[in-house]
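Architecture at a glance
What follows is each chain in one-letter form.
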Amino acid sequence: MGSLISYSGISTKVKAMERFRIRPEQFEAMADLGSVPEAVQFLRSNPSYEKAFSKASEDELHRGKIEQLLNLSKYHDFAKLYRFASVTQRRFLDLYFQHYELDTIKTCLRNAAGHREHRQDLSVFQEFFEHHSKIDLIKLSESQDIGQLIENLKGTPYYSALKTLEQSGSVTLPACETALDMTYFKAVWKRAGDMASRREREIIKECFGTRMDMLNLQWICRSKKYYRLSPGAIYAMMIPINYHLTKQEINGMVQAENLEQVYSLIRSSWYGRLEAVSGEARLDLEKLAWEINSRIYEMSCRKNPYSIADLNSYLYFKEQEIKRIINTIEKIRYGVYGSE
């Protein structure tokens, strides 16, 4: 009863915002549009994206600008929920926000590593980050190289891991991204244990634990397919937390001689019970990760009404919707018509 009372207000808010989620038939209609401006006009007609796209002119509709505005709409949704949330609910939202922080740091890291002159303007997010982050977004976005970016992260949880890499002479883009992922997921796992109730801890660990498993599986498969790394090098780039995968299963996959052996071990693991795994002769790990993560988030929300699962699932599926919008618009831009 306590959960029902404490979450009834924000759960109602989430359901109201979910009404504006883009439905499959709307995506099909969007994919059949003839131009990017038409697609943007379609987004303007949706209350979830109307505010972010209201002032965008046609000459600004390149990929970078559209992604920026879509991210802005994501932050608008987060801010709406944050204003409506209780102190306990804000504790979870602060935890979730680290995901946005991580994505932004990675964007700046790639810009700095590539010495790109034309960088995404992050100033539109500055006000939002000032409320939720210790990162100086503008300073970070102006980093000219990885070393400068690391110094611009001083005073944040991400500095120590990257500084250690720099001092060891191992500063590369993949190594830095892996260090950031490890810092983020370790922090989420630790802070999940500090949540107020056992139910909240289980919800967070179920969703984030599955995501960590999927990232590790994807990395193992990529390393076998593209990089031919030694087992030691593979272990070094993995998130050192497992959820449904046992250490024995992970060891077997890392030591496997080829992808077929890895796929066989995946099918014999907990994830092998799922239709998305058992029904495929050759596994597409990216598609598989999306299907499994989405299923876990949907189940979490159904099993745990009036809980942080409502917030967690809404924010997750908002990001998935934005990814699909970007893919759809790029298909329109390059003349790949029709639905996905």
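It should be noted that the structure appears before, not after, this text.
Now for a quick tour of the structure. (Residues numbered from 1 in each chain as written. Predicted model: local features only at pLDDT ≥ 70, side-chain atom pairs only at ≥ 80, totals over all residues. Heavy atoms only, no water.)

Here we come to the packing of helix 10 (residues 159–168) against helix 11 (residues 173–192). As a packed pair, helix 10 and helix 11 sit with axes 9 Å apart at the nearest point and diverge in direction by 150°. Relative to helix 11, the element helix 10 lies roughly antiparallel. Where helix 10 crosses over helix 11, the two elements pack in a sense that is right-handed. Residues Ala 161, Leu 162 and Leu 165 of helix 10 pack against Ala 175, Cys 176, Ala 179, Leu 180 and Thr 183 of helix 11. In the contact of helix 10 with helix 11, the residues fall into 7 nonpolar, 1 polar and no charged. (Axes fitted to C-alpha atoms, helices over the stretch in contact; angles between N-to-C directions. Helix = DSSP H or I, 4+ residues; strand = E, 2+ residues; numbered from the N terminus. Parallel < 35°, antiparallel > 145°, perpendicular 65-115°, else oblique. Left-handed = near helix turned anticlockwise from the far one by under 90°. Contact = heavy atoms within 4.5 Å. Nonpolar A, V, L, I, M, F, W, Y, C, P; charged D, E, K, R; others polar.)

Moving on, we come to the pattern of salt bridges. As enumerated under the stated definition, the model contains 13 salt bridges in all. With its nearest N and O atoms 2.6 Å apart, the salt bridge here joins Glu 177 to Arg 110. Highlighted residues: Glu 177 in helix 11 and Arg 110 in helix 6 (residues 87–113), separated in sequence by 67 residues. Residue classification places Glu 177 among the buried residues on the basis of a relative accessible area of 18%. Taking the shortest distance from any N to any O, the salt bridge between Lys 163 and Glu 166 comes out at 3.0 Å. One end of the pair, Lys 163, and the other, Glu 166, are both in helix 10, 3 residues apart, so they sit about a helical turn from each other. (Salt bridge = Lys/Arg side-chain N within 4 Å of Asp/Glu carboxyl O. Buried < 20%, exposed > 50% of the residue type's maximum accessible area, 1.4 Å probe, protein only.)

Read these as spatial facts, not as claims about activity.
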